[in-house]
Amino acid sequence: WTASEAHSIIFADAAGKSATALGGWGAWTISHNKLLEGRGNWGLRISGMGSTPQELYAVLYALQSFQRPAGLAGEQVIVITDNQNCANIINNGSAH
């Protein structure tokens, strides 16, 4: 792929729980020359999951967060994640 082929490039990341917080997700993209950011905290269920499921939820919530009124249907979206397992699942699917 090349960046010129994509309608949207979304950067997403997850943070696991710590001693003082349940963790959460963050994401950003550029739309119409404006920086858009999305973020949220995990609930108890997701905070207890491993890093790969959390990264997948971060991508899901990012996609939901950045939907324009017409949605992302029909658009080519590139997702950037720092988790190789997450990238493989997005690109190839999973048996689980």
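Residues numbered from 1 in each chain as written. Predicted model: local features only at pLDDT ≥ 70, side-chain atom pairs only at ≥ 80, totals over all residues. Heavy atoms only, no water.

### Quick look at the side chain of threonine 29
- Its place among the elements puts threonine 29 in strand 2 (residues 24–31).
- Given a relative accessible area of 5%, threonine 29 falls into the buried group.
- Of note is the side chain of threonine 29, whose polar atom sits 2.6 Å from the backbone oxygen of isoleucine 9.
- Residues contacting threonine 29, with those up to four places away along its chain left out, are Ile9, Ile10, Lys34, Leu35, Leu36 and Phe66. (Helix = DSSP H or I, 4+ residues; strand = E, 2+ residues; numbered from the N terminus. Buried < 20%, exposed > 50% of the residue type's maximum accessible area, 1.4 Å probe, protein only. Polar contact = N/O pair within 3.5 Å; in protein donor to acceptor, adjacent residues only side chain to side chain. Contact = heavy atoms within 4.5 Å.)

### Brief notes about the sheet that holds strand 4 (residues 77–80)
- As summarised here, the arrangement of the four strands in space is 3-2-1-4, forming an open sheet in which the pairing is mixed. Of all strands in the sheet, those bounded by a partner on one side alone are strand 3 (34–41) and strand 4. Sheet twist, expressed as the average angle between the axes of neighbouring strands with direction ignored, equals 20 degrees.
- In this sheet, strand 3 lies alongside strand 2 in antiparallel orientation, the contact comprising eight bridges. Bridge pairing links tryptophan 25 to glycine 40 in strand 3.
- Sitting on the sheet, helix 2 (residues 51–65) touches strand 1 (8–15), strand 2, strand 3 and strand 4, and the angle it makes with strand 1 is about 135 degrees. (Pairing = 2+ DSSP bridges. Axes fitted to C-alpha atoms, helices over the stretch in contact; angles between N-to-C directions.)

### Points about the packing of helix 2 against helix 3 (residues 84–92)
- As a packed pair, helix 2 and helix 3 sit with axes 8 Å apart at the nearest point and diverge in direction by 55 degrees. If you check the angle between helix 2 and helix 3, you find them oblique. When you trace helix 2 past helix 3, the crossing you get is right-handed. Contacts between helix 2 and helix 3 involve Thr52, Glu55, Leu56 and Val59 from the first element and Asn85, Cys86, Ile89 and Ile90 from the second.
- Classifying every residue of the contact of helix 2 with helix 3 gives five nonpolar, two polar and one charged. (Parallel < 35°, antiparallel > 145°, perpendicular 65-115°, else oblique. Left-handed = near helix turned anticlockwise from the far one by under 90°. Nonpolar A, V, L, I, M, F, W, Y, C, P; charged D, E, K, R; others polar.)

### Describing the layout of surface pockets
- The computed volume of the largest pocket comes to approximately 200 Å³.
- What lines the largest pocket is a set of 10 residues, and nearest its centre among them are Val77, Ile78, Val79, Ile90 and Asn91.
- For the lining of the largest pocket, the elements supplying multiple residues, two or more each, are strand 4 and helix 3.
- Residue contributions to the lining of the largest pocket peak at four residues, all from strand 4.
- Its residues assigned to classes, the lining of the largest pocket shows seven nonpolar, three polar and no charged. (1 Å grid on protein atoms, 1.4 Å probe; cavity = no way out; pocket = protein on both sides within 12 Å on 5 of 7 lines; lining within 4 Å. Points joined across faces, edges and corners; volume = space filled by probe spheres on them.)

### Observations regarding the packing of aromatic side chains
- Enumeration according to the criterion identifies four aromatic pairs in this entry.
- Between tryptophan 42 and tyrosine 61 the ring centres are 6.2 Å apart and the planes differ by 50 degrees, which places this aromatic pair in the tilted class. Placement of tryptophan 42 in the loop between strand 3 and helix 1 (44–47) and of tyrosine 61 in helix 2 is noted, with a sequence separation of 19 residues between them.
- Clustering of aromatic rings is evident, with ring pairs tying together Trp25, Trp42, Tyr57 and Tyr61. (Phe/Tyr/Trp six-rings, centres within 6.5 Å; stacked < 30°, edge-to-face > 60°.)

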